[in-house]
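Structural overview
Below are the chains, spelled out letter by letter.
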Amino acid sequence: MRVLGFGDNVVDRFLDRGVEYPGGNSVNVAVYARRLGADAAYLGVFGDDDLGGFIRESIAAQGVAVDRCAVRAGESGLSTLRVDDGDRVFLGWNGGGVTTREPIVLGDDLLGYAATFDLVHSSVYSGSEGELPKLARLDTLVSYDLSNEDEYRTPEYLDRICPHTDLVLLSCSHLGEDTTRALLADVVRRGASLALATRGEEGAIAYDGRVTLTTTAVRVEDPALMADTMGCGDAFLAGFAVSLLRAGWRAGAAPDGDMIAAALRDGARSAHDQCLVEGAFGHGRPVVASMSPSRDREK
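Reading the values: the criteria
Residues numbered from 1 in each chain as written. Predicted model: local features only at pLDDT ≥ 70, side-chain atom pairs only at ≥ 80, totals over all residues. Heavy atoms only, no water. Salt bridge = Lys/Arg side-chain N within 4 Å of Asp/Glu carboxyl O. Helix = DSSP H or I, 4+ residues; strand = E, 2+ residues; numbered from the N terminus. Buried < 20%, exposed > 50% of the residue type's maximum accessible area, 1.4 Å probe, protein only. Pairing = 2+ DSSP bridges. Contact = heavy atoms within 4.5 Å. Axes fitted to C-alpha atoms, helices over the stretch in contact; angles between N-to-C directions. Parallel < 35°, antiparallel > 145°, perpendicular 65-115°, else oblique. Left-handed = near helix turned anticlockwise from the far one by under 90°. Nonpolar A, V, L, I, M, F, W, Y, C, P; charged D, E, K, R; others polar. Phe/Tyr/Trp six-rings, centres within 6.5 Å; stacked < 30°, edge-to-face > 60°. Lys NZ or Arg CZ within 6 Å of the ring centre and 35° of its normal. Core = buried A, V, L, I, M, F, W, Y, C linked by side-chain atoms within 4.5 Å. 1 Å grid on protein atoms, 1.4 Å probe; cavity = no way out; pocket = protein on both sides within 12 Å on 5 of 7 lines; lining within 4 Å. Points joined across faces, edges and corners; volume = space filled by probe spheres on them.

Glancing now at the pattern of salt bridges. This structure, assessed with the given rule, holds 15 salt bridges. Residues D159 and R190 are paired through a salt bridge, measuring 3.0 Å at the closest nitrogen-oxygen approach. Of this pair, D159 sits in helix α6 (residues 155-161) while R190 sits in the loop between α7 (177-189) and β11 (195-198), placing them 31 residues apart in sequence. Under the relative-accessibility criterion, D159 is labelled partly exposed at 40%. As a salt-bridge pair, R219 and E201 come within 3.7 Å of each other at their nearest N and O atoms. Taken as a pair, R219 in the loop between β13 (212-215) and α8 (232-246) and E201 in the loop between β11 and β12 (204-207) lie far apart in primary sequence, 18 residues in all. R219 sits in the partly exposed class, given a relative accessible area of 47%.

Right, dumping it as C-alpha cells:
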C-alpha cells in the first residue's frame, strides 16, 4: 500500500501549553497511514523559515518521504489554539502562508510520481482544487477532506471536488444525524464514489450511493489518558482508507458493504488511539518564535 499526502502543512501552536507541533491534514493522513503499515510520502510546499524546516524534519522523522517537496521563500502555515477539557479550540490562522499561496502544480513528472501511489489525499486547506482533475485521470484513488466549514459545502464548491474523488471526508460533529445523511447523499450525487462523515462522540457514517453504514466511537475510558482531539478526524480517515486498501480497494474496484463496515471500525480505533497523542503526531517543541500574524479561522 502506498499513500501520498498532497497539499497542506502547518505548525499548530498551543498557547496554553507554550508548545508547537507539526501537522496539517495532508501531512497527518500520510503520517498516520505510515504508522498503520503503508508506504507513505508527502508532497507540498514548505516555507524557507524556521517553521518550515521544523515541519519537514518532523515529517521525515516519521518515515514519510518528503524528497519531492518544494521550499519557497515565505512564511510557513501557522495556527494558534488551546485545549479546553480535551477539545482543541482554534484561535487563529495565517492562511497557510506560502504553502497555499504558491502551491504545487502537477506537471508530467509529479503526475508520474503520484501515479505510483494507491491513494492520493488532499484537503480544502491545500489550494489543490485545480489539480484534482489531473489526479482523477490517473489509475490511483483520490480522497479529499472537506473539513466542517460551510464555505466548502456550497453546491459550487462540491461540484469542483466531488466528480474527481473516490472518497470524501466531512467533519459533522456539529450537525444532526438527518442533516449529516443528507449531506453525504448530496456529495455522492455530485460525483464522489464514497462519502464519510465523522461525528465525534457520535461515531461515523459512510454512504456509497447504495448503502448507509454507521459505527460508534471508541471512547477513551480513562480521562487522565486523554491528550487532545488534534488529528482525530485525520486518524479516522487514515484508519478507514488503509483498511479499505488492505482489503483490496483500488481504482475501478469499489469496496463492498463488508469492507466499508470493517473500515469504519478500524477508523474508530485509529481515532481513539490518536486521542492519546499530544498534537497531531508528537514532535512538539517549546515556542521560541514570536507570534506570527494570523486571521481568525473557526473550526
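Below, the discussion takes up the sheet that holds strand β3 (residues 19-23). Read from one edge of the open sheet, 5 strands run β7-β6-β2-β3-β14, paired in mixed fashion. Both outer strands of the open sheet, β7 (87-93) and β14 (285-286), are each paired with one neighbouring strand and no more. Taken together, the 4 bridges between strand β2 (residues 10-14) and strand β6 (residues 78-84) define a ladder with parallel strand orientation. The partner of F14 across the bridge, within β6, is L81. In the packing of helix α2 (residues 50-61) onto the sheet, contacts are made with β2, β3, β6 and β14, and the angle to β3 comes to roughly 60°.

Turning our attention to the packing of helix α1 (residues 25-35) against α8. When two helices pack together, their arrangement is given by the angle between the helix axes and by the axis-to-axis distance. As a packed pair, α1 and α8 sit with axes 9 Å apart at the nearest point and diverge in direction by 50°. By the angle class used here, α1 and α8 are oblique. The handedness of the crossing between α1 and α8 comes out as right-handed. Contacts between α1 and α8 involve N25, N28, V29, Y32 and A33 from the first element and D234, A235, L237, A238 and V242 from the second. Looking at the contact of α1 with α8 residue by residue, the class counts come to 7 nonpolar, 2 polar and 1 charged.

In this section: the sheet that holds strand β1 (residues 2-7). Spatially, β5-β4-β1-β8-β9-β10-β11-β12-β13 is the arrangement adopted by the 9 strands of the open sheet, whose pairing is mixed. This sheet does not close on itself; its edge strands, each paired only once, are β5 (70-72) and β13. The sheet shows a mean angle of 15° between the axes of neighbouring strands, direction not considered. Here β11 pairs with β12 via 4 bridges, running antiparallel. Among the inter-strand pairings, T198 is bridged to a residue of β12, identified as A204.

Glancing now at the side chain of D234. Relative to the helices and strands, D234 is located in helix α8. Among residues more than four places away in sequence, those in contact with D234 are N25, N28, V29, Y32 and D145.

When you line up the elements, R153 lands in the loop between β9 (141-145) and α6. Once residues within four sequence positions are removed from consideration, R153 is found in contact with L146, S147, N148, L158, L170, S171, C172, H174, L175 and L183.

This paragraph deals with the packing of aromatic side chains. One pass over the full model with this rule turns up 6 aromatic pairs. An angle of 85° between the planes, with centres 5.2 Å apart, marks the rings of F14 and Y21 as edge-to-face. Among the residues examined, Y21 registers a relative accessible area of 3% and is labelled buried. Connected via pairs of aromatic rings, a cluster forms that spans W93, Y125, Y152 and Y157. The ring of F14 has R17 lying over it, and the distance from NZ or CZ to the ring centre is 4.3 Å. Over the ring of F54 we find R285, and its NZ or CZ is 4.2 Å from the ring centre.

By size, the foremost hydrophobic cluster in this structure holds 42 residues, and its most contacted members are L4, I104, L106, L135, L146, L170 and V187. With sequence-adjacent residues up to four places away left out, L135 is seen in contact with F6, L106, L111, A114, V120, T140 and V142. Among the nonpolar cores identified, the runner-up in size contains 27 residues, and Y21, V27, A30 and A235 belong to it.

Here I55 is to be found in helix α2. In this structure I55 touches N9, V10, V11, P22, F46 and S76, once residues within four positions along its chain are discounted.

Okay, empty space enclosed by the protein next. Scanning the entire structure with this criterion turns up 1 cavity of 30 Å³ or more. As for the largest cavity, its lining consists of F6, G7, L43, G44, V45, T99, P103, I104, S126, G127, S128 and E131. At the level of secondary structure, the elements contributing two or more residues to the lining of the largest cavity comprise β1 and β4 (39-47). The element best represented in the lining of the largest cavity is β4, accounting for 3 residues. In the lining of the largest cavity, the residues fall into 5 nonpolar, 6 polar and 1 charged.

No statement about biological role is implied by the geometric values presented.
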